[in-house]
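# A structural walkthrough
Here's the letter readout for the chains.
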Amino acid sequence: YTTTRFLRYGLDPLTSPEISKKGATTDMMLEPLPRPTLLTLYRFGGSLIIGLLAAPDFHVLKRVRDTWNAASDFALPAVCLFLANFTNAISLQRLGISLTYTTKCGIPLMTVLFTLLLDGPKALPRIPALISLFPIVIGIGAASWNT
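Scope of this entry: the structure provided in the associated data block. Everything quoted here is computed from the prediction, not taken from an experiment.

## A look at the overall build of the protein
Secondary structure assignment for the protein yields 9 helices and 0 strands. Secondary structure elements of the protein occur, N-terminal to C-terminal, as α-α-α-α-α-α-α-α-α. When burial is assessed residue by residue, the protein has 14% of its 147 residues classed as buried. Put simply, of all contacts in the protein between residues at least 6 apart along the chain, 54% involve residues at least 24 apart. Summing over all exposed atoms, the protein offers an accessible surface of approximately 11,700 Å²; the carbon and sulfur share of this is 70%.

## As for the packing of helix H3 (residues 35-53) against helix H4 (residues 60-70)
Between two packed helices, what matters for the description is the angle formed by their axes and the separation of those axes. Where H3 contacts H4, the axes come no closer than 8 Å and their chain directions differ by 125°. What the angle tells us is that H3 and H4 run oblique. Across from Gly-51, Leu-52 and Leu-53 in H3, the residues of H4 making contact are Val-60, Arg-63, Val-64 and Thr-67. Tallied by class, the residues present in the contact of H3 with H4 amount to 4 nonpolar, 2 polar and 1 charged.

## Some points on helix H5 (residues 75-95)
Between the first and last C-alpha of H5 there are 30 Å, a value that for 21 residues agrees with the 30 Å anticipated at 1.5 Å per step. For H5, the set of buried residues is Asn-85, Asn-88, Ala-89, Ser-91 and Leu-92. One face of H5 carries all of its buried residues, which in axial projection span an arc of 165°. Counted as exposed and oriented over 90 degrees from the buried face of H5: Leu-76, Arg-94 and Leu-95.

## What to know about the environment of Ser-144
Among the secondary structure elements, Ser-144 is positioned in the segment after helix H9 (134-143). Separated by 42 residues in sequence, Ser-144 and Thr-102 have C-alpha atoms that sit 7.5 Å apart.

## Re the environment of Phe-82
Position of Phe-82 among the secondary structure elements: in helix H5. Of the residues examined, Phe-82 reaches a relative accessible area of 35% and is grouped as partly exposed. Residues Phe-82 and Thr-40, spaced 42 residues apart in sequence, show a C-alpha to C-alpha distance of 7.4 Å. Filtering out sequence-adjacent residues up to four positions away, Phe-82 remains in contact with Thr-40 and Phe-44.

## Quick look at the pattern of salt bridges
Tallying each qualifying case throughout the model produces 1 salt bridge. Here Lys-62 makes a salt bridge to Asp-66, at a shortest N to O gap of 3.0 Å. With Lys-62 and Asp-66 both in helix H4 and 4 residues apart, this pair spans about one turn of that helix.

Conventions adopted
Residues numbered from 1 in each chain as written. Predicted model: local features only at pLDDT ≥ 70, side-chain atom pairs only at ≥ 80, totals over all residues. Heavy atoms only, no water. Helix = DSSP H or I, 4+ residues; strand = E, 2+ residues; numbered from the N terminus. Buried < 20%, exposed > 50% of the residue type's maximum accessible area, 1.4 Å probe, protein only. Contact = heavy atoms within 4.5 Å. Areas by Shrake-Rupley, 256 points an atom, 1.4 Å probe, with all protein chains shown as cover. Axes fitted to C-alpha atoms, helices over the stretch in contact; angles between N-to-C directions. Parallel < 35°, antiparallel > 145°, perpendicular 65-115°, else oblique. Nonpolar A, V, L, I, M, F, W, Y, C, P; charged D, E, K, R; others polar. Expected span 1.5 Å × (residues − 1). Arc of directions from axis to C-beta. Salt bridge = Lys/Arg side-chain N within 4 Å of Asp/Glu carboxyl O.

And the structure:
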């Protein structure tokens, strides 16, 4: 909610008349970023800052160096995570929160299904973990009943 509220502003801060009165012309103004891009950058920037600054030992420069050195190992997962967040922001803008999050609730079910298909039944979690998926199935069914 706070992220969405942060991104919904009434006036465009880059082209509002108040800014133009202070001497800047609209020719000098930048185009505002699209909402999905802004939301994705906001999430990743916040995560990066928290990850670097929330160290118990407060050795920020060491954490920056370690993060930079490990970046090549996590390039593919980082790109996949970026694309997932970016497409999530696009779907929230286009479809609304209810359909987007109803669809996202199916991720645990798809994970179990792909595990079964790719690795076989021996890779599945134990029975209590599989039983815990039933509330998800019921919730998805209830949320999409009239859709």
